[in-house]
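Spelled out, the chains give:
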Amino acid sequence: MKHGYEAMSTFIHGLKPSYLQLKKCSLALLLSTLANDTLAAASPESLAHAVMLRDRAMAGSTAMQIVTSLTTEVGPRLAGSEAEARARDWALALLNEKGFANVRNEPFEMDAWRRHAEGAEILAPFPQPLAVTALGGSVPTAKSGMTAELVLFETLDDLKRARPESVEGRIAYVSHAMQRTQDGSSYGYFNEARTAGPSIAAGKGAVGYLIRSVGTDSHRFPHTGSLRYDADAPRIPALALSNPDADQIERIAAGGERIRIKMNVDSSAVPAAQSGNVIAEIPGRERPDEIVVIGAHLDSWDLGTGAVDDGAGVGITTAAMELIKEAGLAPRRTIRLVLWGAEEVGLLGARAYRERHAASLEQHVMGSESDFGGGRVWKVTADSKTEQGDQLFADIAAVLARIGVAPGSDDLPGGGPDLYPLIAAGVPTLRLHQDGRDYFDLHHTADDTVDKLDAASLDQNVAAFAVFAWLIADSHVSFRGVEASDS
Ligand SMILES: [Zn+2]
């Protein structure tokens, strides 16, 4: 952006990383330096404290310990399941033990789904088993399974354009192969084959639906994830093939052979299941009603142990809170940790949060979720709409420059899926963009386990969360259209 990050960074890194030491050195000189500097949105004490938090996080945080504990002691935790309830108990115990304020569960009811069994095989022309997994929410097949001929589509658009006669009575297969990017930006596009595809196929008379996993790996762990049935199309069973199995299908089809598939899904719907958002706070010392929200989602898919998605985020944001609390200085505003429930099945926790906290959303100063695995942060962006917000953002970026985080020029709202309902309600967001080149190798698969995470990368994320959460919570700055008064 437009500010002098390098100059500010040099200035900040000249400071001793301790608040007490800072007080002993010439505060007057620092203040006069800052008074001449239009970047002075954060006080020198607050900035020095942020630098100290950053350096402590980089020296080693508790993030890895927390995600290891969650994924070992709870394991997979599907939304609305007994395992997700155990995850809430785990979180409540952990957050109480760490001494946070206002630790609580905010329960909500939801329609849940259970996977019991699944499978698929090629019956003809070359009989063999396939590595598949049911998409989240898939209806079951008959107990004896379902057999039909396959009709292949390279992309979802091809399926959308298909004549119903070519699809009717068949299992529709959509390849729609996802590509690898640093920021995961193609997920939204490829994802539609999973979410919307089953009903598009069913609307043309398909009896079953198969996709190439929405993932970038070449292992045989298929990727699950939610589908979304339309109200006006029949509900058909839907499965994802691993990438090598999708290749196999396409290779056989390329030879001009007709392919007969047998698939089976055993699943059930669980109405009126329980979920909840687990919350903890560091209360603000001046304006406790004004809130900076950080967090991650506590639920995971059922195949792996949900380390990358999203145990990493739970570890990162909880460790950042712990670091701020342990440093002993309360920020002006409240920092609230929210561990959302039932994200994977439609942001249900985030919607419940918005409803429950509707009256205080105006006082939500900033929000950010960690939900893109454990890779290092390389960029920070924020949707600031004020000059003050821009200045404070420049301060944040300057402190983070030392750990390899560059300020981005776009200021579109973002900050993680659980923030979307809050964005719609006007809450500003800040996004720490992580390197996600390997994220879609793992997420929503049985291979999403804690050995894939790197403690030093998690610590760098903790540093970034602690720095921005502290600096924003310790300021008077508003990022919304109206400038905040400096009281
Ligand atoms: Zn996630």
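Every chain's residues receive numbers from 1 upward, in the order its sequence appears when written. Two thresholds apply to this predicted model, a pLDDT of at least 70 for residue-level local features and 80 or more for giving and counting side-chain atom pairs, whereas whole-chain, interface and lining totals are computed over all residues.

Asker: How would you explain the overall build of the protein chain if you had to name every residue and give the values?
Answerer: A run of DSSP states H or I qualifies as a helix once it reaches four residues; a run of E qualifies as a strand once it reaches two. Both are numbered from the N-terminal end. Per the secondary structure count, the protein chain includes 17 helices and 14 strands. Computation of the radius of gyration draws on C-alpha atoms, with the globule rule given as 2.2 Å multiplied by the number of residues to the power 0.38. For 487 residues, the compact-globule estimate of 2.2 N^0.38 gives 23 Å, and the C-alpha radius of gyration of the protein chain, at 24 Å, lies within 12% of that figure. Burial is judged by counting the other C-beta atoms within 10 Å of a residue's own C-beta: 20 or more makes it buried, 12 or fewer makes it exposed, and any count in between marks it as partly exposed, with every C-beta position built from the backbone. Residue burial in the protein chain is summarised as follows: out of 487 residues, 53% are buried. Each residue is represented by a C-beta atom placed from its backbone, and any two residues with such atoms within 7 Å are regarded as in contact. Restricting the contact set of the protein chain to residue pairs at least 6 apart, pairs at least 24 apart contribute 83%.

Asker: Outline the environment of V51, supporting the account with residue identities and numerical values.
Answerer: By secondary structure assignment, the location of V51 is in helix α4 (residues 44-58). C-beta crowding within 10 Å serves as the criterion here: with 22 such atoms nearby, V51 is assigned to the buried category. The spacing of V51 and I396 is 345 residues in sequence and 9.8 Å in space, taken between C-alpha atoms.

Asker: If you had to explain the nonpolar core to someone new, which residues and values would you point to?
Answerer: By convention the nonpolar core is taken to be a set of buried residues drawn from Ala, Val, Leu, Ile, Met, Phe, Trp, Tyr and Cys and joined through C-beta atoms within 7 Å. Counting residues in hydrophobic clusters, the biggest one holds 136 residues, and the most contacted among them are A172, A320, V462, A466, V467 and A469. At 13 residues, the largest contribution of residues to this core is made by helix α17 (residues 455-473). Residue-level mapping places this core at the junction of two domains, with at least three residues from each of domain 1 (5-111 + 273-473) and domain 2 (126-258). The residues contacting V462, other than those within four sequence positions of it, are A57, S61, A63, I316, A319, A320 and L323. What fixes the domain bounds is an automatic or database domain assignment.

Asker: Talk me through the packing of helix α5 (residues 63-73) against helix α12 (residues 307-326); I want residue IDs and the actual numbers.
Answerer: Orientation is described by axes fitted as lines to C-alpha atoms, over the contacting stretch for helices, and by angles from 0 to 180 degrees between their N-to-C directions. Packing of α5 against α12 brings their axes to within 8 Å, and their N-to-C directions diverge by 135 degrees. In terms of their interaxial angle, α5 and α12 are classed as oblique. Regarding α5 and α12, the two cross each other, and that crossing is right-handed. Of the residues in α12, those in contact with A63, M64, I66, V67, L70 and T71 of α5 are A307, G311, A312, V314, G315, I316, T318 and A319. Under this scheme an angle from 65 to 115 degrees is roughly perpendicular, one under 35 degrees roughly parallel, and one over 145 degrees roughly antiparallel; angles in between are oblique. With the far helix as reference, a near helix turned anticlockwise by less than a right angle produces a left-handed crossing, and one turned clockwise produces a right-handed crossing.

Asker: Can you tell me about the packing of α12 against α17, naming the residues and giving the values?
Answerer: Direction vectors running N to C along α12 and α17 enclose 50 degrees, while the axes themselves pass 8 Å from each other. When the interaxial angle is binned, α12 and α17 end up oblique. The element α12 and its partner α17 pack so that their crossing is right-handed. Packed against α12, whose contacting residues are A312, G315, I316, T317, A319, A320, L323 and I324, the element α17 presents L458, N461, V462, F465, A466, A469 and W470 at the interface. Note on residue categories: nonpolar means Ala, Val, Leu, Ile, Met, Phe, Trp, Tyr, Cys or Pro, charged means Asp, Glu, Lys or Arg, and polar means any other residue, Gly included. Across the contact of α12 with α17, the residue classes break down as 12 nonpolar, three polar and no charged.

Asker: So what's going on with the domain arrangement of the protein chain? Residues and values would help.
Answerer: You can read the domains of the protein chain as domain 1 (5-111 + 273-473) and domain 2 (126-258). Domain 1 and domain 2 are separated by 36 Å when their C-alpha centres are compared. Each side of the interface is counted separately: domain 1 has 17 residues, and domain 2 has 18 residues. Among the residues forming the side of domain 1 that touches domain 2, the class breakdown is seven nonpolar, five polar and five charged.

Asker: Explain the environment of S409 residue by residue, including any values.
Answerer: Mapped onto the fold, S409 is located in the loop between β13 (406-407) and α15 (420-424). Each C-alpha atom of the pair S409 and A359 lies 32 Å from the other, and the pair is 50 residues apart in sequence.

Asker: Could you give an account of the sheet that holds strand β14 (residues 430-434), naming the residues involved and the relevant values?
Answerer: With respect to topology, three strands assemble into an open sheet ordered β13-β12-β14, the strand pairing being mixed. At either end of the open sheet lies a strand with only one pairing partner, and these are β13 and β14. In this scheme, strands are said to pair when DSSP sees at least two bridges between them. Where strand β12 (residues 377-382) meets β13, two bridges bridge the pair, whose relative direction is parallel. Counterpart to V380 in the pairing with β13 is P407. In the packing of α17 onto the sheet, the strands contacted are β12 and β14, and the crossing angle to β14 comes to about 165 degrees.

Asker: Can you explain α17? Please cite residues and give values.
Answerer: Between the first and last residue of a helix there are one fewer steps than residues, each counted as 1.5 Å, and that sum is the expected span. For α17, which comprises 19 residues, the first-to-last C-alpha distance of 26 Å matches the rise-based estimate of 27 Å (1.5 Å per residue) to within 8%. Summarising burial for α17: 17 of the 19 residues are buried, a large majority.

Asker: An account of unusual backbone geometry is requested, with residue identities and associated values reported.
Answerer: Geometrically, the link from A124 to P125 is a cis peptide bond, its omega value of 10 degrees lying close to zero. Position of P125 relative to the elements: it lies in the loop between β1 (101-124) and β2 (128-130). With an omega of 5 degrees, the peptide bond running from D309 to D310 counts as cis. Along the chain, D310 falls in helix α12. Of note, A342 is a non-glycine position whose phi angle comes to about 50 degrees, a positive value. As for its position among the elements, A342 is in the loop between β10 (333-340) and α13 (348-356). We note that L347 has phi near 55 degrees; this positive angle belongs to a residue other than glycine. As for its position among the elements, L347 is in the loop between β10 and α13. Classification of L347 as partly exposed rests on a count of 19 C-beta atoms within 10 Å.

Asker: Would you mind going over helix α6 (residues 82-97) in detail, with residue names and values included?
Answerer: The periodicity of an α-helix, 3.6 residues per turn, causes residues three or four positions apart to be oriented the same way. Here α6 is 16 residues long and its end C-alpha atoms lie 23 Å apart, about the 22 Å a rise of 1.5 Å per residue gives. Buried residues of α6: E84, A87, R88, W90, A91, L94 and L95, and no others. For α6, the buried positions fall inside an angular range of 160 degrees around the axis, keeping them on one side. Looking at α6, the residues exposed on the side facing more than 90 degrees away from the buried face are E82, D89, A93, N96 and E97. On its buried face, α6 is in contact with α5, β1, β8 (260-282) and β10. As used here, the arc belongs to the directions running from the helix axis to the C-beta atoms.

Asker: Give me the lowdown on the pairing of strand β4 (residues 146-153), citing residues and values where you can.
Answerer: As paired elements, β4 and β8 share four bridges and run antiparallel to each other. Note that in β8 the partner of E149 across the bridge is R260. Of the pairings in the sheet, the one linking β4 to strand β5 (residues 171-174) comprises four bridges and is parallel in character. Considered in β5, the bridge of L152 is made with Y173.

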